[in-house]
Structures are given as structure tokens and as C-alpha cells.
Amino acid sequence: MTWISTSASFAARPPLMHHTPQPYVVAQTCNTNKCLLPDCRCGGSDVLGGLSPKDIPQIILVTFDDGINYLNFDIYKEKWEVNMVMWDHLRGCECSMVDAYASPSDEEFIEFLSKNFYRRYDSNKAPFSPLYYSAWFNTPHRREGLIKFLNKIDSKDDV
């Protein structure tokens, strides 16, 4: 599959005005003696059924919070949506949404995506789900970076 690229210039998203709040209650540790499949499964890096990560496909999920429109239709069609996971930032912190990362170039954005993709791909192949607001692609280098990254990983047989 080849990803379609259409560059356009739009206004950039304004900087954040507020910090991310801390949770009121921290989640308890999962009890693996009580949490049993098929009704419950504790989170972890192991693969179900004792399978090797080399024997299962990598799933990649791309979402657009603001819905399907002319800015993302050619990327979105024939794809699925799912949950969010924390991302490792190249500068050593975490972010929940990819668009919280202000990349100065498409190469740095590709490096950021690759770091987080291979964190899953080389371990347990947990679903990879980059989540974006559609407006984040108003900056052409972000859109081009995503398309280059998707073309790069699309060449893998198990993705």
C-alpha cells in the first residue's frame, strides 16, 4: 500500500495553556489469581498463549479525534480505531497524544514514531495507536513525516 500525500498550509495549533492534572486515585495492582481470561486479563508485556512476538502480526492504529474530513480522508479510509497508550518522548518524558509532541522536522517526527513503534514491535506487539487531532496535520512537515513513517513500516510482512 502507498500512502497518498497532499501538502497544504494552514495555521498551527496554539501552545498548551494548562498542565495535565494528576489522578485523584491511583489504580491498584492487578491480582493475577482473580483476573482470569476470558473475563479479565492483567496488563503486562507478555504475549497471550505463550506465543513469540515473531509469530504474531504488529497492529497499527491511527485515529483522528475530530472525525473524517478532507484533511485526513485519504489517510483514514479502510483503517480501524482503538484506545490510547502513553508515548516515550525523544526528550525523556511521556505524552498521551502524539500531537503533544512539537517536532521541528519530519525526520525528528519519524524518529519519534519509530522509537514508539519498535518499543511494541520488538517486544509483545501490543497495538500501536498514534492518536491525533486532525488540525495537527495543518503543518505540512507533520503530515509528510507521518506518511513517510507509514510507508516505511508498511513494507514489513507482519505489520
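Heads up: the structure comes first, above all this text.
Owing to the predicted nature of the structure, the values given are computational and were not obtained by experimental measurement.

A. Fine view of the overall build of the protein. Regarding its fold elements, the protein presents 3 helices and 4 strands. When its helices and strands are written in sequence order, the protein yields β-α-β-β-α-β-α. Going through the 159 residues of the protein one by one, you find that 35% of them count as buried. A fraction of 70% describes how many contacts in the protein between residues 6 or more apart in sequence connect residues 24 or more apart. Within the structure as shown, the protein displays about 10400 Å² of accessible surface, and the carbon and sulfur contribution to it stands at 57%.

B. The arrangement of the packing of aromatic side chains in detail. What the rule picks out here adds up to 8 aromatic pairs. Between tryptophan 87 and phenylalanine 128, the aromatic rings sit 5.2 Å apart at their centres with planes inclined by 55°, giving tilted as the arrangement. Of the two residues, tryptophan 87 is situated in strand S2 (residues 87-88) and phenylalanine 128 in the loop between helix H2 (106-121) and strand S4 (131-132); the sequence distance between them amounts to 41 residues. Relative accessible area serves as the criterion here: at 0%, tryptophan 87 is assigned to the buried category. Ring geometry for phenylalanine 117 against phenylalanine 128: centres 5.4 Å apart, planes inclined by 80°, an arrangement best described as edge-to-face. Placement of the pair is phenylalanine 117 in helix H2 and phenylalanine 128 in the loop between H2 and S4, with a sequence separation of 11 residues. Of the two residues examined, phenylalanine 117 and phenylalanine 128, each falls in the buried class. Ring pairs connect the aromatic residues Trp87, Phe112, Phe117, Tyr118, Tyr121, Phe128 and Phe149, which therefore count as one cluster.

The rules behind the values
- Residues numbered from 1 in each chain as written.
- Predicted model: local features only at pLDDT ≥ 70, side-chain atom pairs only at ≥ 80, totals over all residues.
- Heavy atoms only, no water.
- Helix = DSSP H or I, 4+ residues; strand = E, 2+ residues; numbered from the N terminus.
- Buried < 20%, exposed > 50% of the residue type's maximum accessible area, 1.4 Å probe, protein only.
- Contact = heavy atoms within 4.5 Å.
- Areas by Shrake-Rupley, 256 points an atom, 1.4 Å probe, with all protein chains shown as cover.
- Phe/Tyr/Trp six-rings, centres within 6.5 Å; stacked < 30°, edge-to-face > 60°.

Limitation: the analysis is restricted to geometry and does not speak to function.
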